[in-house]
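# Secondary and tertiary structure notes
As a plain string of letters, each chain reads:
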Amino acid sequence: MTTLDDSAREALALLESKLLKRTLATSERTDGVSVMRSGRTYVSFSCNDYFGLSHHPDVIAAGVAALQQYGAGAGASRLVTGNHPLYEALEDMLARMKGTEAACVFGSGYLANLGVIPVLAGSGDLILADRLSHACMLDGARMSGATMMRFAHNNPEHLALLLREHRKEYQRCIILTETVFSMDGDRAPLGAFAALAKGYNAWLMTDDAHGLGIAEPEAHAEVQMGTLSKGAGSYGGYVCASREVVELVRTSARTLMFSTALPPASVASATAALNIIASDKALTSRPLQLAQRFTQFLGLDEAQSPIVPLILEEPERALAASRALEEAGYLAHAIRPPTVPPGTARLRFTFSALHTEAQVDGAADVLKANGYA
Ligand SMILES: *Cc1c(COP(=O)(O)O)cnc(C)c1O
C-alpha cells in the first residue's frame with residue numbers, strides 16, 4: 001500500500017533529482033529594490049514592482065486610509081456585499097488608461113484569465129494562443145472547453161496559417177497573447193495580430209501584466225487584461241473592454257462570482273499607483289532605460305522591456321549563476337522548466353525605476369567576471 005505521504009515523497013525526490021524542486025525563502029522587502037534574507041540585505045532584480053510603487057508613500061497612505069474606513073477584508077464576493085465604493089474609481093481609471101468603455105476588477109490576474117476566457121469562448125469555439133503565453137491564459141483556455149491550438153511565439157505567419165486552415169471549422173475564435181512576455185521580455189507584434197483578427201473574424205485578447213505603464217501597445221485588443229500586482233505595486237487583476245463585454249463578464253465570470261472581493265486597501269492602493277503611473281513619465285521610462293544599459297553592457301540583444309532573460313540552458317548552470325550573484329549581494333532568480341521550455345533555464349532580471357546605475361553595472365560585472373555573459 002502506498003500512503004499519501006509516500007506518494008508525495010516520491011514526487012519530491014523525482015523533482016529534486018532533476019533540480020526542479022522549488023523552495024520558499026522568507027524575503028523581507030524593505031523598499032522598492034532591497035530584499036532581506038537570513039539577516040543579509042540584497043539588491044533584488046527579481047521583483048515585478050517596476051516603479052517601486054509598493055512602497056510609495058502615497059500608495060501606502062491610500063491603503064491605510066481604506067483599511068481604516070472599510071476594514072481589513074471585503075466580507076463577501078463583489079456580487080453580494082463586497083463591492084465597496086473604492087472599486088468604481090479603480091475601474092474608471094483602468095478604462096481611461098486602456099482607452100476602453102469599461103473595466104472589471106478581479107481578485108488577481110490569474111483569476112481574471114480563469115474567469116474571462118471561459119465567458120468569451122466555449123465548446124465549438126477556437127482559441128489560438130502564443131506558445132509562450134502565461135500559464136493562467138492556457139488554464140483559462142482549457143477551462144473554457146474550446147479547442148486550443150498554439151502558434152509559434154510572436155509569429156503572425158504561423159497564426160495566419162492556423163486561421164486559414166482551421167477558422168472555418170469553429171464558431172467563435174479568440175487569439176491570446178501577452179503584450180510583454182513575462183519570461184523573455186520581448187513584445188508581441190500586436191498590429192499584425194489585430195489585422196489577422198479582423199481578417200478572420202476573430203477577437204484579440206491581450207495579457208498586459210508586464211506592460212502597464214511600460215510600453216504603449218502598437219494596437220489595442222478588444223479585450224485587455226492585466227494585473228495590479230506588478231507595476232501597480234498592489235494586488236488584483238482586471239479586464240478592460242466594451243461596456244457589453246464587461247457587463248457579460250460581471251454577470252457570468254465564475255472567478256468573480258465565487259471568490260471574495262479584494263481587500264479595500266488593495267483597491268485604494270492600486271488606484272493611487274495608477275494615478276502616479278499615468279502622470280510620471282520620468283518614473284515609468286526609467287526601468288527600460290536601465291534594462292537597455294544592462295543589455296548593452298553585456299552585449300545582449302537590446303532590451304525591449306524591463307525584463308531581461310540571460311539564457312543558461314540547463315537548470316544547473318542557471319542555479320550556479322544565481323548563487324554567484326547572491327554571494328555578491330544581488331538577487332536574480334533562476335527560472336527553470338516547466339515555467340520555461342526545457343533547455344532554456346535562465347536568470348530573469350527585472351529592472352526597477354529605483355535601481356541605481358551602480359547596482360545595474362555591479363550585477364553585470366559579476367556575470368562577466370564569472371563567465372556567464
Ligand atoms: C503574473 C502574471 C499573471 C498573473 O497575475 P497575478 O495578479 O499575479 O495573479 C498573469 N499573466 C502574466 C503574463 C503574468 O506575468
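Quick look at the structure, then. Worth saying up front: this structure is predicted, and the values here are computed from it rather than measured.

A word on the packing of aromatic side chains. For any two aromatic rings, the description comes down to two numbers: the centre-to-centre distance and the angle of the planes. Counted under the stated rule, the structure contains 6 aromatic pairs. With a centroid separation of 6.2 Å and an interplanar angle of 40°, the aromatic rings of F45 and Y330 are classed as tilted. Taken together, the residues span a long stretch of sequence, with F45 in the loop between β3 (40-44) and α2 (57-70) and Y330 in strand β12 (residues 330-331) at a distance of 285 residues. You can call Y330 buried: its relative accessible area is 14%. Taken together, a centroid distance of 6.1 Å and an interplanar angle of 65° make the contact between F45 and F349 edge-to-face. A residue pair is termed long-range when its members are at least 10 positions apart, and F45 in the loop between β3 and α2 and F349 in strand β14 (residues 345-350) qualify at 304 residues.

In this section: the sheet that holds strand β9 (residues 223-227). Read across the open sheet, the 7 strands follow the order β4-β10-β9-β8-β7-β5-β6; overall the sheet is mixed. Strand pairing shows two members of the sheet lacking a second neighbour, β4 (102-106) and β6 (147-151), which therefore form its edges. Direction aside, neighbouring strands of the sheet carry axes that sit 20° apart on average. In terms of strand pairing, strand β7 (residues 173-178) meets strand β8 (residues 203-207) through 5 bridges, oriented parallel. Within β8, the residue paired with L176 across the bridge is M205.

Attention now moves to the site of the ligand. Near the ligand lie 14 residues; those nearest to it are G109, D207, H210, T227 and K230. The fraction of the free accessible surface of the ligand (380 Å²) that becomes covered by protein chains is 87%. In terms of residue class, the shell around the ligand is built from 3 nonpolar, 8 polar and 3 charged.

Assignment of secondary structure puts V105 in strand β4. Distance from V105 to V267, taken between C-alpha atoms, is 9.0 Å for residues 162 residues apart in sequence. Those residues in contact with V105 that lie beyond four places of it in its chain are R78, Y87, L90, E91, L94, L228, G237, Y238, L256 and L262.

With that out of the way, let us pick up the packing of helix α5 (residues 109-120) against helix α6 (residues 135-144). Interaxial distance between α5 and α6 falls to 8 Å at its minimum, and their mutual angle equals 30°. The orientation of α5 with respect to α6, classified from their angle, is roughly parallel. As α5 runs across α6, the sense of the crossing is right-handed. Contacts between α5 and α6 pair G109, Y110, N113, L114, I117 and P118 from the former with C136, M137, D139, G140, A141, M143 and S144 from the latter.

What follows deals with the sheet that holds strand β1 (residues 28-29). If you walk across this open sheet you meet the 4 strands as β1-β2-β3-β12, and the pairing is mixed. Two strands bound the open sheet, and with one partner strand each, they are β1 and β12. Sheet topology note: the strand β2 (residues 34-37)/β3 ladder contains 4 bridges and is antiparallel. From the neighbouring strand, M36 faces β3, where its bridge partner is T41.

We now examine the environment of L300. Mapped onto the secondary structure, L300 falls in the loop between α12 (281-298) and β11 (307-313). Residue classification places L300 among the partly exposed positions, given a relative accessible area of 26%. The spatial distance from the C-alpha of L300 to the C-alpha of N201 is 39 Å, given a sequence separation of 99 residues.

What follows deals with the side chain of T227. Secondary-structure assignment places T227 in strand β9. Of the polar contacts made by the side chain of T227, one reaches the side chain of S229; its length is 2.6 Å. A polar side-chain atom of T227 sits 3.1 Å from the main-chain carbonyl oxygen of G236. Not counting residues within four places of it along the chain, the set of residues in contact with T227 comprises G109, A209, L212, G236, G237 and Y238.

One pass over the structure, following the stated rule, counts 10 salt bridges. Across the pair R29 and D49 runs a salt bridge, and its minimum N-O distance is 2.7 Å. Within this pair, whereas R29 is found in strand β1, its partner D49 is found in the loop between β3 and α2, the two being separated by 20 residues in sequence. When salt bridges that share partners are traced, they join R78, E91 and R250 into one network.

This next bit is on the side chain of K230. Here K230 shows up in the loop between β9 and β10 (237-241). Buried charge K230 goes without a salt bridge, the closest partner of opposite sign being D207 at 6.8 Å.

With omega at 5°, the peptide bond leading from P337 into P338 counts as cis. Here L19, not a glycine, exhibits a phi torsion of approximately 60°, which is positive. Topologically, L19 is positioned in the loop between α1 (4-17) and β1.

What counts and how
The written sequence of each chain sets the order in which its residues are numbered from 1. Restriction of local features to residues with pLDDT of at least 70 applies here, the model being predicted, together with a cutoff of 80 or more for giving and counting side-chain atom pairs; totals for whole chains, interfaces and linings are based on all residues. Working from all heavy atoms in the structure, the side-chain values ignore hydrogens and water. Note on ring pairs: Phe, Tyr and Trp rings are taken, using the six-membered ring of Trp, and paired if centres are within 6.5 Å. Classes follow the plane angle, with under 30 degrees stacked, over 60 edge-to-face and the rest tilted. Where helices and strands are cited, they refer to DSSP runs of H or I of at least four residues and of E of at least two residues respectively, numbered from the N terminus. Residue burial is assigned from relative accessible area. The probe radius is 1.4 Å, only protein chains are included, and a residue is buried under 20% of its type maximum, exposed over 50%, and partly exposed in between. Following DSSP output, two strands are said to pair if at least two bridges run between them. To get an axis, fit a line to the C-alpha atoms, keeping to the stretch in contact for a helix; angles then go from 0 to 180 degrees between the N-to-C directions. Residues are counted as near a molecule or strand when any one of their heavy atoms sits within 4 Å of it. Note on areas: Shrake-Rupley with a 1.4 Å probe; residue coverage comes only from the protein chains shown. Residues are grouped as follows: Ala, Val, Leu, Ile, Met, Phe, Trp, Tyr, Cys and Pro are nonpolar; Asp, Glu, Lys and Arg are charged; every other residue, Gly included, is polar. The criterion used for residue contact is that any of the two residues' heavy atoms lie within 4.5 Å. Angle categories are assigned with fixed cut-offs, so that under 35 degrees is roughly parallel, over 145 is roughly antiparallel, 65 to 115 is roughly perpendicular, and the rest are oblique. In this scheme the handedness of a crossing depends on how the near helix is turned from the far one: anticlockwise by less than a right angle means left-handed, clockwise means right-handed. Polar contact is the term for a pair of N or O atoms within 3.5 Å; when the atoms are in protein, one must be able to donate a hydrogen and the other to accept it, and sequence-neighboring residues count only if both atoms are side-chain atoms. In the sections that follow, a salt bridge refers to a side-chain nitrogen of Lys or Arg positioned within 4 Å of a carboxyl oxygen of Asp or Glu. Charged residues are defined here as Lys and Arg on the positive side and Asp and Glu on the negative side; His and the ends of the chain fall outside this count.

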